[in-house]
Amino acid sequence: MSTETLQIVPAAVEVHDVHKWYGSHRVLDGVDLTVRAGEVTVILGPSGSGKSTLLRVVNHLEKPEIGYVSVNGELIGVRKQGDHLKELSERAILAQRSNIGFVFQNFNLFPHLTVLENVAAAPVATGKLDRDEAHKLARELLDRVGLADKETAYPRQLSGGQQQRVAIARALALRPGVILFDEPTSALDPELVGEVLAVIKDLAKSGTTLVIVTHEIGFAREIADRVVFIDGGKIVEQGPPSEVLDKPRHERTRDFLSKVL
Amino acid sequence: MSEPPGAAVSLTEAPPSATDAPSKPLAAQRVLPLRRPGRWIATAVVLVLAAQFVHGLVTNPFYQWDRFGYWFLRPTILDGLLVTLEVTAYSAVLGLLGGILLALARLSKSPVLRAVSWIYIWTFRSIPLIVILLFLYNFSALYQTLSVGVPFGPAFFTFDESRLATDIVVAVVGLSLNQAAYAAEAVRGGILSVDQGQHEAAAALGLPKGYQFRKVVFPQALRSITPNYVNQLIDLVKATSLVFYVSLLDLFGAAQTMGATYPGDIVPLLLVVTVWYLILTTVVSVVQFYVERYFARGATRTLPPTPLQKLRTAVSDLRDRVRREAAV
Ligand SMILES: Nc1ncnc2c1ncn2[C@@H]1O[C@H](COP(=O)(O)OP(=O)(O)OP(=O)(O)O)[C@@H](O)[C@H]1O
Ligand SMILES: [Mg+2]
């Protein structure tokens, strides 16, 4: 299962004092977060609290107005210039993203490409692998997520759970140091949630750095090294699941957990 | 979904109603298709009208079908057809390329590009095609040389207008300029129809910008661009008949000239032109079907059947039905 091609070097992520506004609406309000290499972080919080925005800031799909993100010490989307942070060119940002995988709530697979092409596209397009190598890697990854027999299917011919597993394989194809999951099971029927969580658990065991936004508390308890609770664009509390989930210190955390459990 | 288990009705246990044969369980009864007498009457009326029309078309001496046969494959007409095809093909390709560039400019982040594209589309959709063609025609007569370079400054290239601007170039340039303005809107609509999530997924994977457009966005956009663009293509085929006015003998021009020489044959010549345009439109439509089917890959779970496949299923359905009827 873990052949040489699948080796991933886990990365550390640092979010430093990030502020984000949409117009006058403050969505992130000074978020500081450290994710150590190989750690699994689960982000919890009520709807609209800024969880998706935080994840999207990490791979620079959204630009923070203040603050920065670094992956393995490298600033994402910006560079230091004197006392300022200057935005990088689009090309440079795209190149940085190959170290940051992203799995969307709605999968966002490319519907006109087969499953194999979906997974193999990024390593070829970014010049990391040639076509044959990419196809070989894609087959291994599909095998890993249990979809070896689906490589010629088109995404719309698959169930939601299968599509999300393809999306995970697609994110893995660049061998990113960190993978971000934005509610990976929220669009799935209950009976399909398990198969996707199993794949994520497998990744967690293999030592990849994962940051997961989810409402699956049981799953969080099982795999998280650290749980982060966000409300109103601020981190309210964080710590190991045994503390945050079982003995929350803050009223808002307790309130939220009593609603989702 | 939330049906209580006891509520499921078993058909075999349904109480037999008074009109049914009491012994047969309901599940074993054949469902009789609804008869539609109105449809049969309508079909008969349409058939009679169609037969009348065809009979008139064939027997009315006004159409002079023998002269039609004489002209249909005449070299003059075929030469004209070739000009039509040539002008159409060049203008279709150049117009689409121009349209893609204009659409990209229109959707770009640069306000200058957006404005230029908007003004271009606005201008060329406003000016009648015939005016553009006549402009270009006179322009090519007016300016002996055309140079590309800094305004009032040195020229980088100089074309000898009279050599460059053969009539066919004037026609292709005019039609392409016009076609690009319309194609731009079709392409822009297609690009906008692609889900935002696709752009995000491509960006999140770090795919280079050009690759995102060529391999992710544009192929999906083509699905909705195709029907719109084909519509314009069919317009273009017919619009080529205007090039006659810039002294190019296309299909229509050839027929027109022959009609002037043989005034008695005008009606059969117009018929020849009509039939050829019908054939061209048919070819375009057939190609469209297969192109659309190609771009539907992945968009639907199963591809729509080709006409041949449809025919085959229709025949086998009919056979099954006959067999069933015979069995009862
Ligand atoms: N593009 C945008 N323009 C304006 N407001 C936005 C935009 N995107 C998000 N918001 C607002 O920012 C806030 C945080 O959104 P975000 O999607 O991060 O929440 P979330 O925690 O992921 O919620 P959910 O659990 O519902 O996904 C919300 O109030 C949302 O309305
Ligand atoms: Mg969200």
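Residues numbered from 1 in each chain as written. Chains lettered and ligands numbered in written order. Predicted model: local features only at pLDDT ≥ 70, side-chain atom pairs only at ≥ 80, totals over all residues. Heavy atoms only, no water.

Looking up chain A in an unreviewed UniProt entry gives the name Amino acid ABC transporter ATP-binding protein, with the organism given as Streptomyces justiciae. Under Subcellular location (unreviewed entry), UniProt gives the following word-for-word description of chain A: "Cell membrane". (UniProt positions renumbered as here; feature names shortened; annotations may be inferred.)

A few words now on the packing of aromatic side chains. Inspection of the entire model under this criterion finds 16 aromatic pairs over all chains. When the ring of Phe-244 of chain B is compared with that of Tyr-245 of chain B, the centres are 5.5 Å apart and the planes differ by 65°; the resulting orientation is edge-to-face. A residue is classified by how much of its surface remains accessible, and Tyr-245 of chain B, at 47% relative accessible area, is partly exposed. Members of the aromatic cluster, each reached through a chain of ring pairs, are Phe-62, Tyr-63, Trp-65, Phe-68, Phe-72 and Trp-276 of chain B. The side chain of Lys-80 of chain A reaches across the aromatic face of Tyr-68 of chain A, ending 5.7 Å from its centre. Of note, Arg-170 of chain A hangs over the ring of Phe-110 of chain A, and the distance from its end group to the ring centre comes to 4.7 Å. (Phe/Tyr/Trp six-rings, centres within 6.5 Å; stacked < 30°, edge-to-face > 60°. Buried < 20%, exposed > 50% of the residue type's maximum accessible area, 1.4 Å probe, protein only. Lys NZ or Arg CZ within 6 Å of the ring centre and 35° of its normal.)

The next subject is helix H11 (residues 266-295) of chain B. With 30 residues, H11 of chain B should cover 44 Å at 1.5 Å per step; its first-to-last C-alpha distance of 43 Å lies within 8% of that length. What H11 of chain B keeps buried is the set Pro-268, Leu-269, Leu-271, Val-272, Val-273, Trp-276, Tyr-277, Leu-280, Val-284, Gln-288, Arg-293 and Phe-295 of chain B. (Helix = DSSP H or I, 4+ residues; strand = E, 2+ residues; numbered from the N terminus. Expected span 1.5 Å × (residues − 1).)

A few words now on unusual backbone geometry. All names here are of chain A. A positive phi angle is found at Asn-72, which is not glycine, with a value near 50°. Position of Asn-72 among the secondary structure elements: in the loop between strand E4 (66-71) and strand E5 (74-75). You can call Asn-72 partly exposed: its relative accessible area is 49%. Positive phi values are uncommon outside glycine, yet Phe-107 reaches one of about 65°. On the secondary structure map, Phe-107 appears in the loop between strand E8 (100-103) and helix H3 (115-125).

A word on the sheet that holds strand E1 (residues 13-22) of chain A. Residues and elements named next belong to chain A. The four strands are arranged E2-E1-E4-E5 in an open sheet whose pairing can be described as antiparallel. A strand with exactly one partner marks an edge of an open sheet, and here the two such strands are strand E2 (25-35) and E5. As defined by bridge partners, E1 adjoins E4 across five bridges and the pair is classed as antiparallel. The partner of Val-15 across the bridge, within E4, is Val-69. (Pairing = 2+ DSSP bridges.)

All names here are of chain A. Strand order in the open sheet formed by six strands is E8-E9-E10-E3-E11-E12, with mixed pairing between adjacent strands. Two strands close off the open sheet at either side, each with one partner strand: E8 and strand E12 (234-239). Across this sheet, the average inter-strand angle for adjacent strands is 20°, counted without regard to direction. In the sheet, E8 pairs with strand E9 (residues 178-182) via four bridges, with the strands oriented parallel. (Axes fitted to C-alpha atoms, helices over the stretch in contact; angles between N-to-C directions.)

Before going further, it helps to spend a moment on the layout of surface pockets. Vacant regions in the atomic arrangement are exposed by a probe of water-molecule size rolled over the atoms. Space inside the largest pocket adds up to approximately 1,100 Å³. As for the largest pocket, its lining consists of 28 residues, of which Glu-90 of chain A together with Lys-109, His-199, Lys-209 and Gln-212 of chain B are closest to the centre. Among the secondary structure elements, those contributing two or more residues to the lining of the largest pocket are helix H2 (90-97) of chain A together with helix H3 (75-107), helix H7 (167-192), helix H8 (196-204) and helix H9 (209-239) of chain B. Ranked by residue count, the leading element in the lining of the largest pocket is H9 of chain B, at five residues. Counted as a void, the second largest pocket has a volume near 360 Å³. Every residue lining the second largest pocket is counted, 21 residues in all, and those nearest its centre are Pro-111 and Arg-156 of chain A together with Gln-198, Gln-220 and Ala-299 of chain B. (1 Å grid on protein atoms, 1.4 Å probe; cavity = no way out; pocket = protein on both sides within 12 Å on 5 of 7 lines; lining within 4 Å. Points joined across faces, edges and corners; volume = space filled by probe spheres on them.)

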